[in-house]
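Tertiary structure, described
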Amino acid sequence: MPTSVSSQPRQELDNLLEEAGDVVFRLNQIGQLLFASQRAIARIGGSAPLAGSALAKLVADGDQAALAAALAEVSESRAPKLVEVRIKTVDIEIWHELRISAYNNANGALELLVVGRDMTMQHATEERLRHMATHDGLTELPNRLLLSDRMRMVIANARRSGQGFSVATVGLDGFKKVNDGLGHPIGDAMLRMAAQRLRKTLRDSDTLARVGGDEFVAILPGTATEAQIKLVTGRLIATLQSPFEIENHTIYVGASVGVSVYPQHAEDEIRLLALADAAMSRAKETGKARAVVYNPSLAGPPQHDISLEAAMFQAVREGEFQLYYQPIVDAQTREIQGFETLMRWKHPTLGMVPPARFIPIAETNGLINLLGAWALKAACVQLKQFEEVAKRSLYISVNISPRQFRNDKFLDVLDDAIAFSGLLGEQLVLEITEGTLMIDPVHAESILSKMAERNARIAIDDFGTGYSSLAYLKRFPISVLKIDRTFIRDLPGSQKDGAICNAVLDLAKHLNLSVVAEGVETEEQLLYLEQRGCQYIQGYLTGKPMPANVALAALKESIHANVVPAELRQVAQ
Ligand code: C2E
Ligand code: CA
Ligand code: CA
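1. Here's the deal with empty space enclosed by the protein
Evaluated as defined, the whole model comprises 2 cavities of 30 Å³ or more. As a volume, the largest cavity reaches approximately 70 Å³. Along its surface, the largest cavity is lined by Tyr395, Ser397, Val429, Glu431, Arg457, Val480, Lys482, Ser514, Val516 and Tyr536. When contributions to the lining of the largest cavity are tallied by element, the ones reaching two or more residues are strand 16 (395-399), strand 17 (428-433), strand 19 (480-483) and strand 20 (514-518). Split by residue class, the lining of the largest cavity holds 5 nonpolar, 2 polar and 3 charged.

Structure below.
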């Protein structure tokens, strides 16, 4: 039997489409299946061809209307559209993101192409990000952020009901000795046990959060009288007094507790916490292992600090901080090799606050440790998702501020991010400035060698603007130099900047370092750098900093461009 003229290319097209997504369908104009990829058939659990049945039958009842609307819209407008629906598989319904586009087949009839991606991993990632943004990784207790959220709820309830509550800050006495004397693993095990013991003394309606190395905060709704406070704080102290048995060590620590009461002492979250903290400091100063309830004769922390902290914590609590990702591309092929993570603060009234304004504040009040740890972990998890879409290995570059770098917990934060995300150490680049290295070179040397043990690479950010001697390039295990934007801006016109860039590229070649040119905005700059052997480019020309979903779409487009045949590529744009 002669094959029809169009069936051969059609068959090839369908073969190509097999790989374009987790499920792929072709539909006629009324939404009936003309083709389903093998993976789609396997997923749905059918063995027989599905031709002729409606795509709507394969999706969950609750999503059929959305699907029908999207199909109709694409047929009408011819513009591609994304829709998320649950596809009914053999045993469960699985969320898929469907990209629907329209094209004309060889006979001129309208057909729809539906390429679907399994969203299970993305949803799980989102859930994990949400959890990790609100919980302490070590004890699994709520962190400062979730505490802040709960405080707001409890304050709102108390306002409505007129019933007071108290806030207790619990600080372990002598924890530093345990950590320094017996090592971090034992210190960590002790903290986990302490967290469990404290949690057990409280009611389900109480919140217990870990807010610092050895500091916890309990919100105690309905506990407002002196007698009630005494009872609860007595239990908190007692539970930590019995010894901790860990790996053949018998460890004695105690706890000092500070309490503030709503509404007597304060009516807002930040002040309640600050006053409980001040009371705890007094408990520590006056003999430890005791509870002190705030009273106005105790000096509170200065008002100025409170309002600064308030602005930052408010932003964290409201989820106003986000991560943007800026592509770092190969200068020759322009293929994305990795991303630099850049933090953004979207303030509801001030708008976008530039990091140059808020990072220094976070450095001063220490919030950078929390924000930086979050950024590192979230970026690593995000990279996994980028790779899943790009279907190749990428790397992530994260800025580390001087205070983070000096923090004793930094290596733990790093290990946690690597272990949690499952990235390989070598996929991580940590950007530090020359200044960070020079504050305490001896400490820097030891930290950097530990980072090198984990295969994480070190990049010198803003290279050329900081330190005058280059001897440190030999001393420290550095892998990447990032040429500062100010040397790129006036290229190719500026002879001086050209000379500097050439010198850096030369130096890097001899020391076997990679170079990223930052702030590349024009084709001329890119060409100039590429011709002089610069391998990597980062700048508005090849991609501005963008939210994760936009970066994902960019990566996805590059995949589609490779897989979807030219005939469909036009409609897929
Ligand atoms: P940086 O690490 O040197 O980041 C590069 C800056 O250059 C970013 O500014 C980026 O948006 C900007 N940029 C990139 N390409 C171009 C271009 O072609 N033209 C121009 N004019 N600018 C370009 P951004 O995002 O405002 O960040 C400023 C600084 O804030 C960063 O400088 C970094 O030092 C700090 N920062 C940002 N995010 C973080 C973070 O998560 N942690 C820490 N510690 N610092 C961060
Ligand atoms: Ca940087
Ligand atoms: Ca830089």
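2. Looking at the domain arrangement of the protein
For the protein, the assigned domains read domain 1 (3-124), domain 2 (138-302) and domain 3 (308-570). A C-alpha centroid distance of 38 Å is found between domain 1 and domain 3. Domain 1 puts 13 residues into the contact, and the matching count from domain 3 is 12 residues. Surface buried jointly by domain 1 and domain 3 totals about 1,100 Å² across both partners, of which 67% is contributed by carbon and sulfur atoms. Contact with domain 3 buries surface across domain 1, with Leu13, Arg117 and Met121 losing the most and accounting together for 35% of the total. The interface formed by domain 1 and domain 3 contains 2 salt bridges.

3. Thoughts on the sheet that holds strand 6 (residues 165-173)
In spatial order, the strands read 7-8-6-11-12; together these 5 strands make up an open sheet with mixed pairing. The open sheet has two edge strands with one neighbour each: strand 7 (207-212) and strand 12 (291-293). Within this sheet the neighbouring strands show an average axis-to-axis angle of 20°, counted without direction. Of the strand pairs in this sheet, strand 6 and strand 8 (residues 215-221) are connected by 7 bridges, and their pairing is antiparallel.

4. Here we look at the coordination of the calcium ion (ligand 3)
Note on the calcium ion (ligand 3): its protein donors are Asp461 (OD), Asp462 (OD), Glu518 (OE) and Glu518 (OE). The metal-donor distances range over 2.3 to 2.5 Å. In terms of primary sequence, the donors binding the calcium ion (ligand 3) are separated according to D-D-x55-E. Here the calcium ion (ligand 3) and the calcium ion (ligand 2) are spaced 4.0 Å apart, and both take Asp461 as a donor. Here Asp462, found in strand 18 (residues 457-463), pairs with Glu518, found in strand 20; they are 56 residues apart in sequence, far enough to count as distant.

5. Focus on the coordination of the calcium ion (ligand 2)
A metal bound by six donors in octahedral fashion has ideal angles of 90 or 180 degrees, whereas one bound by four tetrahedral donors has an ideal angle of 109.5 degrees. Within the protein, the atoms that donate to the calcium ion (ligand 2) are Glu340 (OE), Asn399 (OD1), Glu431 (OE) and Asp461 (OD), at distances of 2.1 to 2.3 Å. One chain supplies every donor to the calcium ion (ligand 2), and in sequence these donors are spaced E-x58-N-x31-E-x29-D.

6. Overview of the pattern of salt bridges
Under the defined criterion, the tally for this structure stands at 24 salt bridges. Taking the shortest distance from any N to any O, the salt bridge between Asp118 and Arg43 comes out at 3.0 Å. Placement of the pair is Asp118 in strand 5 (residues 110-118) and Arg43 in helix 2 (residues 38-44), with a sequence separation of 75 residues. Looking at Arg43, the relative accessible area reads 23%, which means it is partly exposed. One salt bridge in this structure joins Glu335 and Arg392, with 3.8 Å as the shortest N-O distance. A residue pair is termed long-range when its members are at least 10 positions apart, and Glu335 in the loop between strand 13 (321-330) and strand 14 (336-347) and Arg392 in the loop between helix 12 (367-390) and strand 16 qualify at 57 residues. Taking the relative accessible area as the measure of exposure, Arg392 reaches 27% and is therefore partly exposed. Linked by salt bridges that have partners in common, Glu340, Glu431, Lys482 and Glu518 make up one network.

7. Regarding the site of ligand 1
In the vicinity of ligand 1 lie 19 residues, with Arg344, Asp461, Arg485, Glu521 and Tyr540 positioned nearest. Measuring from an oxygen atom of ligand 1, one finds a side-chain N or O atom of Asn399 at 3.1 Å. Contacts to ligand 1 include Tyr540, whose backbone N or O atom sits 2.7 Å from an oxygen atom. Here ligand 1, which alone exposes 800 Å², has 82% of that area covered by the protein. With respect to the pocket detection grid, ligand 1 is positioned in the second largest pocket. For the shell around ligand 1, the elements supplying multiple residues, two or more each, are strand 14, helix 11 (355-365) and strand 18. Here the element with the most residues in the shell around ligand 1 is strand 14; it accounts for 4 residues. Broken down by class, the residue content of the shell around ligand 1 amounts to 7 nonpolar, 5 polar and 7 charged.

8. What to know about the environment of Asn105
Mapped onto the fold, Asn105 is located in the loop between strand 4 (93-104) and strand 5. Judged by relative accessible area, which is 14%, Asn105 ranks as buried. For the pair Asn105 and Ser242, spaced 137 residues apart in the sequence, the C-alpha separation amounts to 77 Å. For Asn105, the residues in contact, after removing those within four places along its chain, are Arg10 and Glu111. Within the structure, the side chain of Asn105 is placed 2.8 Å from the backbone nitrogen of Asn107, a separation counted as a polar contact.

9. A look at helix 5 (residues 144-161)
With 18 residues, helix 5 should cover 26 Å at 1.5 Å per step; its first-to-last C-alpha distance of 25 Å lies within 8% of that length. Burial in helix 5 covers these residues: Leu145, Leu146, Leu147, Ser148, Met151, Val154, Ile155 and Ala158. Two to three positions downstream of the cap, the backbone nitrogen of Leu145 sits 2.9 Å from a side-chain oxygen, assigning the N-cap of helix 5 to Asn143. Within two residues after helix 5, Gly162 carries a phi angle of roughly 75°, on the positive side.

Calculation criteria
- Residues numbered from 1 in each chain as written.
- Chains lettered and ligands numbered in written order.
- Predicted model: local features only at pLDDT ≥ 70, side-chain atom pairs only at ≥ 80, totals over all residues.
- Heavy atoms only, no water.
- 1 Å grid on protein atoms, 1.4 Å probe; cavity = no way out; pocket = protein on both sides within 12 Å on 5 of 7 lines; lining within 4 Å.
- Points joined across faces, edges and corners; volume = space filled by probe spheres on them.
- Helix = DSSP H or I, 4+ residues; strand = E, 2+ residues; numbered from the N terminus.
- Nonpolar A, V, L, I, M, F, W, Y, C, P; charged D, E, K, R; others polar.
- Domains from an automatic or database assignment.
- Contact = heavy atoms within 4.5 Å.
- Buried area = accessible area lost by both parts, 1.4 Å probe.
- Salt bridge = Lys/Arg side-chain N within 4 Å of Asp/Glu carboxyl O.
- Pairing = 2+ DSSP bridges.
- Axes fitted to C-alpha atoms, helices over the stretch in contact; angles between N-to-C directions.
- Donors = N, O, S within 2.8 Å, 3.2 Å for Na, K, Ca; no water.
- Buried < 20%, exposed > 50% of the residue type's maximum accessible area, 1.4 Å probe, protein only.
- Near = heavy atom within 4 Å.
- Polar contact = N/O pair within 3.5 Å; in protein donor to acceptor, adjacent residues only side chain to side chain.
- Areas by Shrake-Rupley, 256 points an atom, 1.4 Å probe, with all protein chains shown as cover.
- Sits in = over half its atoms within 2 Å of the grid points.
- Expected span 1.5 Å × (residues − 1).

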